[in-house]
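Spelled out, the chains give:
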Amino acid sequence: TPIECAIRELREETGIISETLEQLDWSCGGTAIHCRFLCVTNCAKDSIKFQQGETCDYRWVTAQELLAMPDTELIGQEMLKHVR
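Cut-offs and rules
- Residues numbered from 1 in each chain as written.
- Predicted model: local features only at pLDDT ≥ 70, side-chain atom pairs only at ≥ 80, totals over all residues.
- Heavy atoms only, no water.
- Phe/Tyr/Trp six-rings, centres within 6.5 Å; stacked < 30°, edge-to-face > 60°.
- Buried < 20%, exposed > 50% of the residue type's maximum accessible area, 1.4 Å probe, protein only.
- pLDDT = per-residue confidence, 0-100.
- Helix = DSSP H or I, 4+ residues; strand = E, 2+ residues; numbered from the N terminus.
- Salt bridge = Lys/Arg side-chain N within 4 Å of Asp/Glu carboxyl O.

Peer 1: In this structure, what is going on with the packing of aromatic side chains? I would like to understand it.
Peer 2: For any pair of aromatic rings, geometry is given as the distance between the ring centres together with the angle between the planes. Scanning the model with the defined rule gives 2 aromatic pairs in all. Here the aromatic rings of Phe50 and Tyr58 are separated by 5.9 Å at their centres, their planes lie at 75°, and the arrangement is edge-to-face. With relative accessibility at 37%, the residue Phe50 sits in the partly exposed group. Between Tyr58 and Trp60, the ring centres sit 5.9 Å apart and the planes meet at 85°, which makes this aromatic pair edge-to-face. Overall, Tyr58 belongs to the partly exposed group, its relative accessible area being 35%. Members of the aromatic cluster, connected to one another through ring pairs, are Phe50, Tyr58 and Trp60.

Right, dumping it as structure tokens:
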């Protein structure tokens with residue numbers, strides 16, 4: 001399911017382990033379905049571990065800030081070429 005994938009990818013790409021995510025919204029674009037999930041965590045900000053070749057940055061945001069972000073801030077430019 002999308003939420004199971006999000007939990008797995010969160011762990012693989014950042015090292016954050018969470019069993020609970022809140023789906024905020026979803027949309028269809030091109031050949032992809034985009035889902036935004038909120039993870040509330042108390043992990044240390046310096047504990048993030050990027051997955052080489054997959055993750056290049058992160059930012060702590062509120063649910064409102066996440067919902068206001070355009071795709072260009074959420075998805076890398078290379079990935080955007082493939083989903084539009």
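Peer 1: It is not clear to me how the confidence of the model for the protein chain should be interpreted in this structure. Could you clarify?
Peer 2: One rule of thumb: low pLDDT means the predicted coordinates there are not for detailed reading. When the pLDDT values of the protein chain are averaged, the result is 84; 89% of them are 70 or greater. Averaged pLDDT values over the elements of the protein chain bottom out at 53 in helix α4 (residues 77-83) and peak at 93 in helix α1 (residues 2-14).

Peer 1: Got a minute to help me understand the pattern of salt bridges in this structure?
Peer 2: Close approach of charged atoms lets side chains of opposite charge pair. Counted by the stated rule, this structure contains 3 salt bridges. Among the salt bridges present, the one from Arg8 reaches Glu12, with a minimum N-O distance of 3.8 Å. In this pair, Arg8 and Glu12 are both assigned in helix α1, 4 residues apart and thus about one turn of the helix distant. Arg8 sits in the partly exposed class, given a relative accessible area of 34%. The exposure class assigned to Glu12 is partly exposed, which follows from its relative accessible area of 36%. Here Arg36 makes a salt bridge to Asp25, at a shortest N to O gap of 3.1 Å. Taken as a pair, Arg36 in strand β2 (residues 32-38) and Asp25 in strand β1 (residues 22-29) lie far apart in primary sequence, 11 residues in all. Classification of Arg36 by relative accessible area gives buried; the value is 18%. Taking the relative accessible area as the measure of exposure, Asp25 reaches 24% and is therefore partly exposed. Look at the salt bridges and you will find they share partners, linking Arg8, Glu9 and Glu12 into a network.

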